[in-house]
Amino acid sequence: MADDTTDTKSSNQMWGGRFASGPDAIMEEINASIGFDKKLFAQDIRGSIAHATMLAHQGIISADDKDKIVHGLNTILSEIESGNFKFSRQLEDIHMNVEARLATLIGPAAGRLHTARSRNDQVALDFRLWVKEELQKTEQMLTGLIAAFLDRAEEHAESVMPGFTHLQTAQPVTFGHHCMAYVEMFGRDRARVRHAIEHLDESPIGAAALAGTGYPIDRHMTAKALGFREPTRNSIDTVSDRDFAIEFLSIAAIAGMHLSRLAEEIVIWSTPQFGFVRLSDAFSTGSSIMPQKKNPDAAELVRAKTGRINGSLVALLTIMKGLPLAYSKDMQEDKEQVFDAAESLELAIAAMTGMVRDMTVNTARMKAAAGSGYSTATDLADWLVREAGLPFRDAHHVTGRAVALAESKGCDLAELPLSDLQAIHPDITDKVYDVLTVEASVASRKSFGGTAPSEVRRQIAFWRARN
Ligand code: ARG
């Protein structure tokens with residue numbers, strides 16, 4: 001799709017009737033959006049075909065003109081798809097590039113296509129169709145990521161790892177449970193996507209410039225033909241609304257934030273110091289100077305893409321802020337933000353799905369780490385409450401003393417001899433050792449949503465059925 005920026009200076013053939021001469025070069029440069037909105041060509045042509053078909057059905061244009069228009073538009077579609085279309089910056093945007101080409105192809109009938117519509121409802125339509133398709137794609141990609149996590153969770157429903165708070169070892173959990181936390185997060189993202197699709201599922205075409213039109217159009221017909229639930233209800237709002245784009249960006253920003261947390265965990269887990277996971281060769285890079293290195297570049301870039309997506313959200317919110325109703329040209333700046341964020345989000349989800357599926361989980365390292373850092377201290381306290389009848393606060397105190405003793409001896413809680421434990425509290429018996437292993441700790445946490453393998457399997461079954 002080559003851009004042609006060398007058109008001669010004459011007044012615009014679409015709207016230049018009252019203009020004696022063409023725009024200044026700078027005017028043309030600041031005004032043109034074809035450089036990026038050519039991405040909307042398929043939506044623009046679909047919308048025009050639906051519009052022309054409706055115009056003919058309503059007797060507003062002749063069936064003959066409609067046939068010429070539809071045929072011409074289909075020709076343009078294949079020209080663009082095969083790279084044989086010459087985009088012109090002088091023609092500003094995708095709408096006028098298509099229409100000008102239509103005039104060359106079919107002559108005067110082309111001039112009837114723009115009856116009862118404006119570029120304001122046209123661009124609202126094209127962009128909405130594009131965002132809707134992107135949301136549908138995002139929904140599928142999130143489903144793929146969720147499926148990857150469900151598989152890993154199933155495989156590791158019993159694998160023990162340290163659970164962290166403040167990035168300090170807290171209590172043992174299962175890796176499957178940790179994976180299922182991400183399923184919850186991306187499941188919420190997917191629900192937001194589904195909701196946004198429902199939200200934007202109204203057709204803007206027919207709102208015209210802002211006031212509707214005097215032609216006897218049928219907006220329900222175009223809405224149906226374009227796969228929308230119904231037409232929008234207020235023509236002023238229709239051409240001034242970009243909530244659907246902002247919703248897409250907010251969803252992308254939240255999903256991006258989730259992806260960045262996962263990315264960060266993968267960066268940490270794959271350090272030699274942690275060694276919880278090993279990234280596959282396919283999802284890591286080497287260092288040009290240090291031969292031993294395997295770098296998690298993809299995870300780092302996913303973490304960084306979040307910044308870009310947030311930037312797009314803030315940019316569009318700021319573009320829209322304070323704009324009077326209805327359409328203002330400021331709104332032309334909406335598309336690049338959404339296109340860039342969509343590309344970043346797609347890439348980030350795809351990279352993460354690949355990494356999660358490919359990474360090797362080092363269960364031995366995880367288990368060893370799970371037992372360090374006195375991670376079963378809470379289990380000792382709970383045992384004292386349950387078996388020795390201590391109030392939890394006292395049990396907490398007794399346990400704290402046991403931890404301090406183990407620390408001074410440089411051993412784990414389970415390695416303290418019974419005599420040492422009994423010196424701290426006489427009611428402790430050798431039964432306590434049953435709860436001090438990480439497996440026992442994890443298996444005991446059977447509360448709904450807890451980390452016990454049985455609960456993790458329940459969560460997996462729930463999400464598998466929900467997909
Ligand atoms: N290229 C424009 C945009 O992206 C299309 C709408 C132009 N409308 C107008 N009244 N100038 O917003």
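Keep in mind it's a predicted model, so treat the numbers as computed, not measured.

Trainee: Kindly report on the overall build of the protein, identifying the contributing residues and their values.
Mentor: When helices and strands are counted, the protein shows 18 helices and eight strands. Against the 2.2 N^0.38 benchmark of 23 Å for 467 residues, the protein shows a C-alpha radius of gyration of 31 Å, more extended than a compact globule. The burial tally for the protein puts 50% of its 467 residues in the buried class. Taking as baseline every contact in the protein between residues at least 6 positions apart, the subset at least 24 positions apart corresponds to 75%. Of the roughly 21800 Å² of accessible surface on the protein, 53% is carried by carbon and sulfur atoms.

Trainee: Kindly report on the site of the ligand, identifying the contributing residues and their values.
Mentor: All residues adjacent to the ligand are S33, D37, D93, H95, R119, N120, V123, Y327, K329, Q332 and K335. Between the ligand and Q332 there is a distance of 2.8 Å, counted from a nitrogen atom to a side-chain nitrogen or oxygen. When grouped by side-chain class, the residues that make up the shell around the ligand number two nonpolar, four polar and five charged.

Trainee: Just give me the short version of the environment of A404, but keep the residues and values in it.
Mentor: Here A404 lies in helix α15 (residues 392-409). Between the C-alpha atoms of A404 and Y374, which are 30 residues apart in sequence, the distance is 10.0 Å.

Trainee: So, helix α11 (residues 297-320): which residues are in play, and what are the values?
Mentor: Given a rise of 1.5 Å per residue, 24 residues ought to cover 34 Å, and the 35 Å separating the end C-alpha atoms of α11 matches this to within 8%. Among the residues making up α11, those that are buried are A299, V302, T306, I309, S312, L313, L316, I319 and M320. On its buried face, α11 is in contact with α9 (235-240), α10 (243-269) and α12 (334-358). Of the residues one or two after α11, G322 is the one with positive phi, at around 75°.

Trainee: I'd like a rundown of a nonpolar patch on the surface, residues and numbers included.
Mentor: A contiguous nonpolar surface patch, about 280 Å² in accessible area, is contributed by L210, I236 and L325. Along the chain, L325 turns up in the loop between α11 and α12.

Trainee: Just give me the short version of empty space enclosed by the protein, but keep the residues and values in it.
Mentor: With the rule as written, the count across this model stands at two cavities of 30 Å³ or more. For the largest cavity, the calculated volume is near 80 Å³. Residue lining of the largest cavity: S10, N12, W15, P23, M27, E28, N31, A32, R89, Q90 and E92, and that is the complete set. Of the residues in the lining of the largest cavity, the class split is four nonpolar, four polar and three charged. Lining the second largest cavity are F149, F175, H178, C179, Y182, L262, W269 and M359. Looking at the lining of the second largest cavity, the elements that each hand over two or more residues are α7 (175-199) and α10. Sort the elements by how many residues they give to the lining of the second largest cavity and α7 lands first, with four residues.

Trainee: Pulling in residues and values, what's your account of the environment of L279?
Mentor: As for its placement among the helices and strands, L279 is situated in the loop between β7 (277-278) and α11. Along the sequence, L279 and G354 sit 75 residues apart, while their C-alpha atoms lie 10.0 Å from each other. Residues within four places of L279 in sequence aside, it is in contact with I266, S270, S284, K294, P296, M355 and M359.

Trainee: Describe in detail the confidence of the model for the protein, supporting the description with residues and values.
Mentor: With 98% of its residues at a pLDDT of at least 70, the protein reaches an overall mean of 94. The model gives residues 1-8 a pLDDT under 50, and that stretch makes 20 contacts with residues more than four places away or in other chains.

Trainee: Would you mind going over the side chain of E92 in detail, with residue names and values included?
Mentor: Along the polypeptide, E92 turns up in the loop between β2 (87-88) and α5 (94-106). Of the polar contacts made by the side chain of E92, one reaches the side chain of N31; its length is 3.2 Å. Apart from the residues lying within four places of it in its own chain, the contact partners of E92 are N12, W15, N31, A32, S33, I34, N97, R119 and K329.

Trainee: Explain the packing of aromatic side chains to me, and be specific about the residues and the numbers.
Mentor: Under the defined criterion, the tally for this structure stands at 11 aromatic pairs. Between F164 and F274, the ring centres sit 6.0 Å apart and the planes meet at 50°, which makes this aromatic pair tilted. In this pair, F164 sits in strand β3 (residues 160-165) while F274 sits in the loop between α10 and β7, placing the two residues 110 residues apart along the sequence. What makes F164 partly exposed here is its relative accessible area of 26%. Seen from their ring centres, F274 and F276 are 5.1 Å apart, and the 75° between their planes marks the pair as edge-to-face. Overall, F274 belongs to the partly exposed group, its relative accessible area being 23%. Through a chain of ring-to-ring contacts, three or more aromatic side chains come together here, namely F127, W130, F244 and F339. The ring centre of F339 lies 5.3 Å from the NZ or CZ of K39, which sits over that ring. Against the face of F127 rests K335, its NZ or CZ located 5.7 Å from the ring centre.

Rules behind the numbers
For every chain, the first residue of its written sequence is number 1, and the numbers climb from 1 along that sequence. The model is predicted, so local features are restricted to residues of pLDDT at least 70 and side-chain atom pairs to those at 80 or more, both for listing and for counting; the totals for chains, interfaces and linings are taken over all residues. No hydrogens and no water enter the side-chain calculation; it runs on all heavy atoms of the structure. For the purposes of this entry, the term helix denotes a DSSP run of H or I that reaches at least four residues, the term strand denotes a run of E that reaches at least two, and both are numbered from the N terminus. The atom set for the radius of gyration is the C-alpha atoms, and the globule formula is 2.2 Å times the number of residues raised to the power 0.38. Each residue's exposure class comes from its accessible area (1.4 Å probe, protein chains only) as a fraction of the maximum for that residue type: buried when under 20%, exposed when over 50%, partly exposed otherwise. Contacts are residue-level and defined by heavy atoms, with any inter-residue pair within 4.5 Å sufficient. The protein chains shown are the only cover counted for residues, whose accessible areas, like all others here, come from Shrake-Rupley with a 1.4 Å probe. The criterion for a residue being near a molecule or strand is simple. One of its heavy atoms has to lie within 4 Å of it. In the analysis that follows, any N or O atom pair within 3.5 Å is treated as a polar contact, provided that within protein one partner can donate a hydrogen and the other can accept it, and provided that, for residues neighboring in sequence, both atoms belong to side chains. When residues are grouped by polarity, Ala, Val, Leu, Ile, Met, Phe, Trp, Tyr, Cys and Pro land in nonpolar, Asp, Glu, Lys and Arg in charged, and all others, Gly among them, in polar. Multiplying one less than the number of residues by 1.5 Å gives the expected span of a helix. Patch membership requires more than 30% relative accessible area and the absence of a salt bridge. Residues of like charge join within 9 Å; the nonpolar side chains Val, Leu, Ile, Met, Phe, Trp and Tyr join within 5 Å. Salt-bridge detection follows one rule: a side-chain nitrogen of Lys or Arg within 4 Å of a carboxyl oxygen of Asp or Glu. Every definition here rests on a 1 Å grid over the protein atoms only: cavities are sets of points where a 1.4 Å probe fits but cannot get out, pockets are open sets enclosed by protein on both sides within 12 Å along at least five of seven lines, and lining residues have some atom within 4 Å of a point. Grid points are joined across faces, edges and corners, and a volume is the space filled by probe spheres set on the points. What pLDDT conveys is the predictor's confidence in a given residue, as a value from 0 to 100. The rule is short: rings of Phe, Tyr and Trp, with Trp giving its six-membered ring, pair when the centres are within 6.5 Å, and they are stacked under 30 degrees, edge-to-face over 60, tilted in between. Sitting over a ring, as applied to charges here, requires NZ of Lys or CZ of Arg to be within 6 Å of the ring centre and within 35 degrees of the ring normal.

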